[in-house]
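# Secondary and tertiary structure notes
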Amino acid sequence: MNAENPVWSLLWTFGLISLFAVGGGNSAIPEMHRVAVDVRHWLTDQQFADVFAISQLSPGPNVLIVTLIGYSVAGVVGAVVATLAMCVPTAVLAYGVSQLMARSSHASWPGLIRTALVPLSIGLMGASGLILALTADRTWAAALVTAIAALLAVATRLNPLWILLAGGCLGFAGFI
Amino acid sequence: MPPDSTPAALAAPEFSTASPPGLIALFVAFAKMSLAGFGGVLVWARRGIVEQHHWMTPEEFNETFALCHFLPGPNVVNLSVVFGSRFRGVAGGIAAFAGLLGPPVVIVTILAALYARFGEIEVLRHILAGVSCAAVGLLMSVVFRMMMPLLRKREPVSLVALSAVFIAVGLLRLPLPAVLGVAMPLSIAITFVLRRKVHA
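In this report, the structure presented in the accompanying data block is examined.

Looking only at helices and strands, one finds seven helices and zero strands in chain A. When the helices and strands of chain A are listed from N to C terminus, the series reads α-α-α-α-α-α-α. Counting only C-alpha atoms and orienting by the principal axes, one finds that chain A spans roughly 55 × 45 × 25 Å. With 176 residues in all, chain A has 55% of them scored as buried.

A separate point is the nonpolar core. Side chains that are nonpolar tend, in soluble globular proteins, to be buried together. Core analysis: the largest hydrophobic core is formed by 112 residues, its most contacted members being A:Ile69 and B:Val165. With near-sequence residues (within four places) excluded, A:Ile69 lies in contact with A:Met32, A:Ala36, A:Trp42, A:Leu43, A:Val51 and A:Ala82.

Here we take up the packing of helix H2 (residues 23–36) of chain B against helix H5 (residues 75–118) of chain B. The relative placement of two packed helices comes down to the angle between their axes together with the axis-to-axis distance. Residues and elements named next belong to chain B. Here H2 crosses H5 at 45 degrees, and the two axes come no closer than 7 Å. When the axes of H2 and H5 are compared, the pair comes out oblique. Like other packed secondary-structure pairs, H2 and H5 cross with a definite hand, here right-handed. Among the residues forming the contact of H2 with H5, the class breakdown is 15 nonpolar, six polar and one charged.

Residues and elements named next belong to chain A. Assignment of secondary structure puts Val-80 in helix H4 (residues 65–103). You can call Val-80 partly exposed: it has 19 C-beta atoms within 10 Å. Distance in space between the C-alpha atoms of Val-80 and Leu-68 is 9.6 Å, their sequence separation being twelve residues.

Reading guide: rules and limits
- Residues numbered from 1 in each chain as written.
- Chains lettered and ligands numbered in written order.
- Predicted model: local features only at pLDDT ≥ 70, side-chain atom pairs only at ≥ 80, totals over all residues.
- Helix = DSSP H or I, 4+ residues; strand = E, 2+ residues; numbered from the N terminus.
- Buried ≥ 20, exposed ≤ 12 C-beta atoms within 10 Å, placed from the backbone.
- Core = buried A, V, L, I, M, F, W, Y, C linked by C-beta atoms within 7 Å.
- Contact = placed C-beta atoms within 7 Å.
- Axes fitted to C-alpha atoms, helices over the stretch in contact; angles between N-to-C directions.
- Parallel < 35°, antiparallel > 145°, perpendicular 65-115°, else oblique.
- Left-handed = near helix turned anticlockwise from the far one by under 90°.
- Nonpolar A, V, L, I, M, F, W, Y, C, P; charged D, E, K, R; others polar.

Written out as structure tokens, the structure reads:
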């Protein structure tokens, strides 16, 4: 394997990360940030916050943040490779496990593993929130927008897209 | 479903009323859910699969999603593969996977190209800064919602596990594989032992 080729690095990086994304794509954001910003310097801190914003704004699964990271590393090929590396290994695993469970549908271990992993996944998502807040909320006004967005999302059934657009408008108006 | 099964109504009483979807129907259905899904596809997946197409009952959907949630990787992607393969084998899984990811990947790649070209423009910088602040808030609200049941139950083990992972990954910035390499077996073992005690 050629370590110099960025496409290989993408494949290897996201293939590995996907297997540790316990509880979903957002759980892997701290590791993506660590590798993409701190270790490999693919993106700056600010670019990372930007691609997170774009991935939330665009349709499709939130995991497509890896498509944006892949594009910034190696163009269209990078985008496709990063996406497949992040999605295929665990999809194959999910297929395998679902076949296995079809045969022993009343086993108790799935419930046990789920109970054991849920707190870990919440801890990871909390870490995602913290790391992203540190990159995105550089001013008091920005932190205030984050806090209000969080409150609105918890307290109302407002479509998240409106909250994102409201954030964009505040940015456009120069509030942040 | 075994391949030799007879008409859907007879062979699969546990499935809902509608006939099993074909490959193209799977692709189109998942593409639609995916493109409708701003800020998360799951809600739309439930709506499409359960309410619109009646391909699964709510219970079947919850069960399938629970499986996909404890497995690593993007939940909805896992769900598409498990769901598609349940009806049409490996080809069905691939069709649903391609429908879910294909169209949005094209859109996101175009956005990535636009960002690479225009990302430094002042106005866009401001807008994106605003959007990311709001997006972080949304993520925090999801974390809060997921935490509430655990806080209500006041299970010390899960709260300790949650905090330990948060500190290790969020504050100390330790590599994820190392953290989970320790935390996963530990958490599973403790949960196992506690359950045995309850049942004994």
